Amino acid sequence: MCAQPTPRPRERDGGSPLHRDASTARPPWRRPLALALAAAAVAVPALALLGPVAAILAGTRTAAACLASIEAPRGPALPDCRPEIRWFALPSRLPWTYRAASALAEELGVRAAVADYTDAAVGRPDGAALAGATEAVATAQAMVAAGTGRVTFDELGPARGAPSLGREAARLGDRRTLLAQPDRWTDWHVRVHTLRAALTEGDLQRALAIAKGYAAMEPRDEDLRTTTGAILCLGAGAEAKRGIELLTLNQDDRASRRYAGMARNWGEVRAVLVACAARAGVEPPPMPEAPEAGVADAVEVRLAQRARLAAARKDAVEATQRATRAIRDLLGSSAALDPEARGDLLAVVLAEDEALDAAEAAALARPDDDDEPAAGETGHDGVPARSEPRAPTGLPASSLRALDWLPERGLARPAIAGSLRARAAARAAELAAAPQISPSQADALRAAAGALALRAARELALEGDAPRAVDALDRLGSLAPELAPEAARALARSSVWALVGERDRALDLVERVDLGAAPPALRAAVLLQRAELLASRGRRRDAARAAVLADEEAAAARAVDPAGEAMPARAELALLDARSRWTRLSLALPPGDSPLRQGSPPAQLPADHAAAWPWVGFASLDAPWARDDQPALSRALSTWSAARDAPPPARRALRYAALRRRGDAPPALVPYAALSAQLLGDGEGDPEVWLDAFLALDASRFSLRRYAFARAEAARWRGDEGSAAAWQRRYDALRAVASDPARAEIARYLGI
């Protein structure tokens, strides 16, 4: 018999007693626990890795939203966004999120510090708060320098540069911060702003002290070097000699070197250099003999300066003759010379060249009369021949309003004293009576005499000499076509007294004049000056009525077809129209008076306040605002009207939006500044701090005297006599510098 094999139970067979016992012994929760532990082993590292990333994303969203709310409509309290840094606290301690979290935390700190500083100038303007916020900006600047060292921040909002207290102070017009530590600034443009801030304050001694400090640092940038040198030239002795050294470097550099294929002319620098040498009592350095880059422009400025300095030399007669001969050569050879420049140079020749006869003077005043008949020659009908009337030499169709007499910025035209212009006007009138000249030549000289008298009155008024200015108008004003109507004479006299601060006397002249026979443009100009003076004297209701009437007259004048008018006349009408509309908007308040001209767009704001302000382009006279078919000006005026009437939270947002759209101030700077102050309601902040910030960019487009005068008048319009007195003191200090003939070219170059 064969033995039968014994079957062995298979492993994992449930029938096996051993396997059956093991199966029944395993707990039911063991498998889920194993799965849970496995999931946890995967999830915990994932959370550790991704949790900080999620916190960074959440923190970025909340911080950006908080920062955006600062410039949105809100209450007076500045949103505090610094607590949002909690989102970046833990991630900044982990190696895989350290860089991103630290950078975001740094940016949040920077933006919060700058927001505090900006809010003190824009959101709730306050001088003390502005001063208190500077240290936070300085701390943020140091933090970035010690941290990432970035130059751009763009993750929590619109891109902005790295924080710099000097740049922020210049951006917000914070003159006190700029002047507190002038040696602290390293950027050349911040130093230029600091020097300009000292001049704006009318503090010449402080400007000289700062300039001496910058000069000792050997400035490399040529704009800083010329500004520093020119300010030193306002001093005397060693200061002026140091200024000569700096200006000579710029003159020679501009004459010999090109940068990226471009060159800068050096004629204005040469004029400042010559004036500086005269003040220092030394000979100016020679002109570059063979310039390879820029050219010696500003010829008219340097010729007039040469004649002025010649009178002070020992050989004054001979030197003056050479100077006036050079001017006569230019006048005789340049028929296309700008009329204002021709009038300036003609004034020098008439006042200084005693040998000039009537016929020669007439030829210089009107060089295009090549076919001028001789004295006694008649036309075809036996009547003495007379050429067609031409625009007078000097101020072509110029405005007679005080605010238009304020000086422009720069040294584009010769600096000639009012007394010399008055002597030239008297000489032209005397030569016009000479019997040997033709009627047309006599007309040319009489027109020149009238224009010179009007310009003499303007310059004398700017120098603060009202009696001599009025005398120039009274003695020779009848020869000026601009002063033919009685209303024009009254307006010119009123402008003289307004510029020297006699506002009651100026107002009396324009209130008593009869406007019945005056053309619309002249009526508008008189009414406009009346409105400005009434506002300055605190008679707000009367000022509003006069402003509305002026705007209606300006609209009537603009409605006349100007196709036959010369370009200067058309441009003047455009300026008069724009000024009247800004003045009306600033002074006329509903319900008594409509602030907008009939037919203007409705006063309403867009839903997005950041896009509220349309760009008009006032920096150029050829911009769309001066054309009848362009609505930019009307839209801007309607926006301003709506913004002024908006509730406080919306006005706050609009101020932030306006800060980003600076640089578009109209020539009507007084009503523009007064209107800008109306974006602040009672108790919402200091208008002076807000205007410093809002006009900081536009101020560089205007002379310092024009800017100071405008700020003083705007303060008077809103009844702030303290601020008006402070700005008047600054204006008087600047006028004293600019009225000194020995410093005239230097002052104009510096924008005074």
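To be clear, the structure that these remarks concern was listed above.
Residues numbered from 1 in each chain as written. Predicted model: local features only at pLDDT ≥ 70, side-chain atom pairs only at ≥ 80, totals over all residues. Heavy atoms only, no water.

## With respect to the overall build of the protein
The cut-off we apply is this: For helices the rule is a DSSP run of H or I covering at least 4 residues; for strands it is a run of E covering at least 2, with both sets numbered from the N terminus onward. Any residue under 20% of the maximum accessible area for its type is buried, any over 50% is exposed, and the rest in between are partly exposed; the area is computed with a 1.4 Å probe on protein chains only. Working rule for contacts: check all heavy atoms of both residues, and any pair within 4.5 Å makes them a contact. Accessibility throughout is a Shrake-Rupley quantity obtained with a 1.4 Å probe, and a residue counts as covered only by protein chains that appear here.
Scanning the protein for helices and strands turns up 32 helices and two strands. Residue burial in the protein is summarised as follows: out of 752 residues, 52% are buried. Long-range contacts, defined here as pairs at least 24 residues apart, represent 70% of the contacts in the protein between residues at least 6 apart. Surface summary for the protein: the accessible area is close to 33900 Å², and the carbon and sulfur share equals 55%.

## Describing the nonpolar core
This is how it is decided: Residue types Ala, Val, Leu, Ile, Met, Phe, Trp, Tyr and Cys, when buried and joined through side-chain atoms within 4.5 Å, form a set referred to as a nonpolar core.
The biggest cluster of nonpolar side chains holds 170 residues, and the ones touching the most others in it are Trp 582, Trp 613, Trp 640 and Ile 752. Of all the elements, helix H23 (residues 520-536) adds the most residues to this core, at ten residues. Contact partners of Trp 582, with chain neighbours within four places excluded, come to Phe 618, Leu 633, Leu 637, Trp 640, Pro 666, Ala 668, Pro 671, Tyr 672 and Leu 675. Leu 303, Ala 358, Ala 361 and Ala 424 belong to the second largest nonpolar core, which has 38 residues in total.

## Considering the state of the cysteines
Note the following rule: In this description, the term disulfide denotes a pair of cysteine sulfurs within 2.5 Å.
Counting across every chain of the model gives two disulfides. Residue Cys 233 pairs covalently with Cys 276 via a disulfide, S to S 2.1 Å. One disulfide, between Cys 233 and Cys 276, carries an S-S torsion of -90° and so falls in the left-handed class. Of the two residues, Cys 233 is situated in helix H10 (residues 222-233) and Cys 276 in helix H12 (residues 267-280); the sequence distance between them amounts to 43 residues. A relative accessible area of 0% places Cys 276 in the buried class. Here the protein pairs its bonded cysteines, counted in sequence order, in the arrangement 1-2, 3-4.

## Some details on the packing of helix H21 (residues 486-499) against helix H22 (residues 503-512)
The cut-off we apply is this: Here an axis means a line fitted to C-alpha atoms, over the contact stretch when the element is a helix, while the angle between two N-to-C directions is reported on a 0 to 180 degree scale. Should an angle fall under 35 degrees it is called roughly parallel, over 145 degrees roughly antiparallel, and 65 to 115 degrees roughly perpendicular, with every other angle called oblique. Each residue is assigned to one class: nonpolar for Ala, Val, Leu, Ile, Met, Phe, Trp, Tyr, Cys and Pro, charged for Asp, Glu, Lys and Arg, and polar for all the others, Gly among them.
Put simply, H21 and H22 touch, their axes get as near as 8 Å, and they point 170° apart. Between H21 and H22, the interaxial angle falls into the category roughly antiparallel. Note on element contacts: H22 touches H21 through Arg 503, Arg 505, Ala 506, Leu 509 and Val 510, opposite Ala 490, Leu 491, Arg 493, Ser 494, Trp 497 and Ala 498. Split into classes, the residues belonging to the contact of H21 with H22 amount to seven nonpolar, one polar and three charged.

## Re the pattern of salt bridges
Stated precisely, the cut-off is as follows: Basic side-chain nitrogens of Lys or Arg form a salt bridge, by our definition, when they fall within 4 Å of a carboxyl oxygen of Asp or Glu.
Overall, the coordinates contain 63 salt bridges when judged by the stated rule. For Asp 551, the salt bridge goes to Arg 584, with nearest N and O atoms at 2.9 Å. Of this pair, Asp 551 sits in helix H24 (residues 540-559) while Arg 584 is found in helix H25 (residues 567-587), placing the two residues 33 residues apart along the sequence. As far as burial versus exposure is concerned, Asp 551 and Arg 584 are alike and both buried. A salt bridge links Glu 688 to Arg 718; the nearest nitrogen and oxygen atoms lie 2.3 Å apart.

## Quick notes on the packing of helix H13 (residues 299-310) against helix H14 (residues 316-333)
This is how the line gets drawn: Note: crossing handedness is left-handed where the near helix turns anticlockwise from the far helix by less than a right angle, and right-handed where it turns clockwise.
Where H13 contacts H14, the axes come no closer than 8 Å and their chain directions differ by 160°. By the angle class used here, H13 and H14 are roughly antiparallel. Our pair here, H13 against H14, has a crossing hand that is left-handed. Residues Val 299, Glu 300, Leu 303, Arg 306, Ala 307 and Ala 310 of H13 form the contact with H14, whose participating residues are Ala 316, Ala 319, Thr 320, Arg 322, Ala 323, Ala 326, Ile 327 and Leu 330. A class-by-class count of the residues in the contact of H13 with H14 yields ten nonpolar, one polar and three charged.

## Looking at the side chain of Arg 662
Defined as follows: For the charge count, each Lys or Arg is scored as positive and each Asp or Glu as negative, with His and the chain ends excluded. Residues adjacent in sequence count toward polar contacts only when both atoms are side-chain atoms; beyond that, a polar contact is any pair of N or O atoms within 3.5 Å, and within protein one must be able to donate a hydrogen and the other to accept it.
Mapped onto the elements, Arg 662 comes out in the loop between helix H27 (648-660) and helix H28 (669-677). Within the buried core, Arg 662 has no salt-bridge partner, and the shortest N-O distance to an opposite charge, that of Asp 698, equals 6.4 Å. Polar contacts involving the side chain of Arg 662 include one to the main-chain carbonyl oxygen of Leu 659, which spans 2.9 Å. A polar side-chain atom of Arg 662 sits 2.7 Å from the main-chain carbonyl oxygen of Ala 693. In this structure, Arg 662 is in contact with Arg 171, Trp 615, Ala 693, Phe 694, Ala 696, Leu 697 and Asp 698, ignoring residues within four places of it in sequence.

## So, the packing of aromatic side chains
The test is simple: Only rings of Phe, Tyr and Trp enter the pairing, Trp through its six-membered ring, and a pair is recorded when the two centres are within 6.5 Å. The plane angle decides the type: under 30 degrees is stacked, over 60 is edge-to-face, the rest tilted.
Scanning the model with the defined rule gives ten aromatic pairs in all. Centroid distance Trp 640 to Phe 694: 6.1 Å. Interplanar angle 70°. Geometry classified as edge-to-face. Pair noted here: Trp 640 is in helix H26 (residues 632-644) and Phe 694 is in helix H29 (residues 687-694), with a separation of 54 residues, a long-range link. Relative accessible area serves as the criterion here: at 2%, Phe 694 is assigned to the buried category. Here the aromatic residues Trp 582, Trp 613, Phe 618, Trp 640, Tyr 672, Trp 690 and Phe 694 are joined through ring pairs into a cluster of three or more.

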